[in-house]
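What follows is the residue order along each chain.
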Amino acid sequence: AGATESFASLARYFAESLDDDVVGPALAAIQGRFPISIIWGELDRSVPLEIGQRAAALLDKARFDVIPGAGHAPYFERANEFNQLASKFLAG
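From a predicted model like this one, the values you see are computed outputs, not experimental measurements.

In this section: the pattern of salt bridges. Considering all chains together, one arrives at 2 salt bridges under this definition. Arginine 63 is the salt-bridge partner of aspartate 65, the closest N and O atoms lying 2.7 Å from each other. A relative accessible area of 13% means that aspartate 65 is categorised as buried.

With 4 of 5 residues buried, strand 1 (residues 37-41) lies mostly within the body of the structure. Of the strand pairs in this sheet, strand 1 and strand 2 (residues 63-67) are connected by 5 bridges, and their pairing is parallel. Counterpart to tryptophan 40 in the pairing with strand 2 is valine 66. Taken together, strand 1, helix 3 (residues 49-58) and strand 2 constitute a β-α-β crossover, and its handedness is right-handed.

Below, the discussion takes up the nonpolar core. Side chains of a nonpolar character, in soluble globular proteins, are inclined to be buried together. Formed by Ile39, Ile67, Ala70, Phe82, Leu85 and Ala86, the largest nonpolar core amounts to 6 residues. Among residues more than four places away in sequence, those in contact with isoleucine 67 are Ile39, Trp40, Gly41, Glu42, Pro74, Arg78, Glu81, Phe82 and Leu85.

Turning to the side chain of aspartate 44, a few remarks are in order. Structurally, the position occupied by aspartate 44 is in the loop between strand 1 and helix 3. Buried within the structure, aspartate 44 lacks any salt-bridge partner; arginine 45 is the closest side chain of opposite charge, at an N-O distance of 7.4 Å. Here valine 47 takes part through its backbone nitrogen, which lies 2.8 Å from a polar atom of the side chain of aspartate 44.

Calculation notes
Residues numbered from 1 in each chain as written. Predicted model: local features only at pLDDT ≥ 70, side-chain atom pairs only at ≥ 80, totals over all residues. Heavy atoms only, no water. Salt bridge = Lys/Arg side-chain N within 4 Å of Asp/Glu carboxyl O. Buried < 20%, exposed > 50% of the residue type's maximum accessible area, 1.4 Å probe, protein only. Helix = DSSP H or I, 4+ residues; strand = E, 2+ residues; numbered from the N terminus. Pairing = 2+ DSSP bridges. Right-handed = clockwise from strand over helix to strand, strands pointing away. Core = buried A, V, L, I, M, F, W, Y, C linked by side-chain atoms within 4.5 Å. Contact = heavy atoms within 4.5 Å. Lys, Arg positive; Asp, Glu negative; His and termini not counted. Polar contact = N/O pair within 3.5 Å; in protein donor to acceptor, adjacent residues only side chain to side chain.

This is the structure in structure tokens:
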């Protein structure tokens, strides 16, 4: 019960208000104080690759990697590739 209304409310939020809560500008303001890595799934349908690319442009000092064939959860869908990228970042 209530699922239809809940999903409709969530869809409205994504369409109308999501950008109000984006943390990119806050991260951009403090970048340089610590390293930032963005790892994105190429096929993410929840938060498309274009959003990741915009975040990377905003955070110009961040490392940006795309995992081919992965969706919204690359850490789960392509764990080996994700772990290699994360390990390389952490080692650097």
